[in-house]
Amino acid sequence: MSSLALRSTPVRLPHLPRARWARLISPVLLIVAWQVASSTGALPERLLASPGTVVSTAVDLIRDGTLPHALSVSLQRAAVGFVIGAAIGVGLALLAGLSLLGEHLIDPPVQMLRTLPFYGLIPLLILWFGIGELPKIVLVAFGVAVPLYLNTFSGIRGVDGKLAELARVQQLSRVGMLVHIVLPGALPEALVGLRQSLGVAWLALIVAEQVNADAGLGFMINDAREFLRTDVIVVGLLVYSLLGLITDAMVRLIERRALVWRRDFLGN
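Let me sum up the structure you'll find in this document.

### A look at the overall build of the protein
Right, so step 1: Helices and strands together make up the secondary structure of the protein, namely 13 helices and zero strands.
Right, so step 2: The burial tally for the protein puts 34% of its 268 residues in the buried class.
Right, so step 3: When the accessible surface of the protein is split by element, carbon and sulfur atoms take 68% of a total near 16800 Å².

Set out below in structure tokens:
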């Protein structure tokens, strides 16, 4: 067989399902090491509860209704804050992305606000809105709006100018150009911003629920800290991480559906 034939032989890639299962090896090994360290006393229970204790505690919290109630309160806060923040972020991105005047007026304040830490905003939000639900929702909305604005604005400005010329030739109205050219062109980066904003939303919610809350996952974790219940703390943190993974998977599914026309995006 010639060397040319050898070079043209296709390379076999690893089987995809097997590769996915292989990704579970390191987490499983980590949990096993965690359990062994707890069982042998190398990792004291007062510092970190064992995996078995965490699972048992999670079952107890579900049975007595503590975890479902905390989860429902946190989900409601996250949902309301996300809707408000997404509307603000996308709206500002459209104003700044479609107009130079809008960019000059909107972009500098947003660039300043994106550097502010969440904890630095809490005292001011409490002074403005009190200690009820509103400051928590505002904090989540703030965390959602900034990354969604940045990515959507970048996506709008990244639309090929030749498409705008095509829209003029086709005599599309400004609304028609926005619907048929600008928004589809900006969609890939907007979806990236959506993934980022959802991740930041959960981080903002954790911060918000640690201060002046009487319900929610953050309150459950903060209350457990007072009683040195590391098992409850770990359960709450795991629920936060699972929520982040679930929402990220949902956005990735939307990406596959919405960007099916991009062959390079799907690797075809």
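### Details of the packing of helix α3 (residues 25-40) against helix α4 (residues 51-63)
Right, so step 1: Running from amino to carboxyl end, α3 crosses α4 at an angle of 100°, the nearest separation of the two axes being 8 Å. Relative to α4, the element α3 is oriented roughly perpendicular. Across the interface between the two elements, I31, W34, Q35 and S38 from α3 touch P51, G52 and V54 from α4.
Right, so step 2: Residues belonging to the contact of α3 with α4 are distributed by class as follows: four nonpolar, three polar and no charged.

### Describing the pattern of salt bridges
Right, so step 1: Here the structure, examined in full by the defined rule, presents five salt bridges.
Right, so step 2: Residues E133 and R77 are paired through a salt bridge, measuring 2.7 Å at the closest nitrogen-oxygen approach. A residue pair is termed long-range when its members are at least 10 positions apart, and E133 in the loop between α7 (118-129) and α8 (134-157) and R77 in helix α5 (residues 66-97) qualify at 56 residues.
Right, so step 3: Measuring nitrogen to oxygen at the nearest pair gives 2.8 Å for the salt bridge that ties E209 to R77. Placement of E209 in helix α10 (residues 174-209) and of R77 in helix α5 is noted, with a sequence separation of 132 residues between them.
Right, so step 4: Using a relative accessible area of 1% as the deciding quantity, one classes E209 as buried.
Right, so step 5: You can call R77 buried: its relative accessible area is 2%.
Right, so step 6: Through salt bridges that share partners, R77, E133 and E209 make up one connected network.

### Examining α7
Right, so step 1: With 12 residues, α7 should reach 16 Å at 1.5 Å per residue; the first-to-last C-alpha distance of 16 Å fits that figure.
Right, so step 2: Those residues of α7 lying buried are F118, L121, I122 and L125. Summarising the axial view, the buried residues of α7 lie within an arc of 120°, below the 170-degree limit, and thus occupy one face. When the buried face of α7 is taken as reference, the exposed residues oriented beyond 90 degrees from it are G120 and L127.
Right, so step 3: Once α7 ends, the next one or two residues include G130, with phi positive near 85°.

### Some remarks on unusual backbone geometry
Right, so step 1: Unlike most non-glycine residues, L228 shows phi in positive territory, near 55°.
Right, so step 2: Summarising the element assignment, L228 is placed in the loop between α11 (217-226) and α12 (230-258).
Right, so step 3: Given a relative accessible area of 70%, L228 falls into the exposed group.

### With respect to the environment of V73
Right, so step 1: Mapping V73 onto the fold places it in helix α5.
Right, so step 2: Distance from V73 to A215, taken between C-alpha atoms, is 6.7 Å for residues 142 residues apart in sequence.
Right, so step 3: The residues touching V73, leaving out its near neighbours within four places in the chain, are A215 and G216.

### Comments concerning a nonpolar patch on the surface
Right, so step 1: Together, W21, L24, V28, V32 and V36 line one region of the surface with nonpolar side chains, adding up to about 500 Å² of accessible area.
Right, so step 2: By secondary structure assignment, the location of V36 is in helix α3.

### A word on the nonpolar core
Right, so step 1: By size, the foremost hydrophobic cluster in this structure holds 37 residues, and its most contacted members are L67, L139, L217 and M220.
Right, so step 2: Contributing elements (two or more residues each) for this core: α4, α5, α7, α8, α10, α11 and α12.
Right, so step 3: Per-element tally for this core: the top contributor is α10, with nine residues.
Right, so step 4: Each residue touching L217, except ones within four places of it in the same chain, is listed here: L67, A70, L71, S74, E209, V239, Y240 and L243.

### Side note on the packing of aromatic side chains
Right, so step 1: Summed over the entire model, instances satisfying the criterion amount to two aromatic pairs.
Right, so step 2: Plain terms: the ring middles of W128 and F129 are 6.2 Å apart, the flat faces sit at 85° to each other, and that makes the pair edge-to-face.
Right, so step 3: A relative accessible area of 58% means that W128 is categorised as exposed.
Right, so step 4: Each ring, one from Y149 and one from F153, has its centre 5.8 Å from the other, and the planes form 15°; the classification is stacked. Here the residue Y149 and the residue F153 both occupy positions in helix α8, the gap between them amounting to four residues, near one helical turn.

About the criteria used
- Residues numbered from 1 in each chain as written.
- Predicted model: local features only at pLDDT ≥ 70, side-chain atom pairs only at ≥ 80, totals over all residues.
- Heavy atoms only, no water.
- Helix = DSSP H or I, 4+ residues; strand = E, 2+ residues; numbered from the N terminus.
- Buried < 20%, exposed > 50% of the residue type's maximum accessible area, 1.4 Å probe, protein only.
- Areas by Shrake-Rupley, 256 points an atom, 1.4 Å probe, with all protein chains shown as cover.
- Axes fitted to C-alpha atoms, helices over the stretch in contact; angles between N-to-C directions.
- Parallel < 35°, antiparallel > 145°, perpendicular 65-115°, else oblique.
- Contact = heavy atoms within 4.5 Å.
- Nonpolar A, V, L, I, M, F, W, Y, C, P; charged D, E, K, R; others polar.
- Salt bridge = Lys/Arg side-chain N within 4 Å of Asp/Glu carboxyl O.
- Expected span 1.5 Å × (residues − 1).
- Arc of directions from axis to C-beta.
- Patch = residues over 30% accessible without salt bridge, like charges linked within 9 Å, V, L, I, M, F, W, Y side chains within 5 Å.
- Core = buried A, V, L, I, M, F, W, Y, C linked by side-chain atoms within 4.5 Å.
- Phe/Tyr/Trp six-rings, centres within 6.5 Å; stacked < 30°, edge-to-face > 60°.

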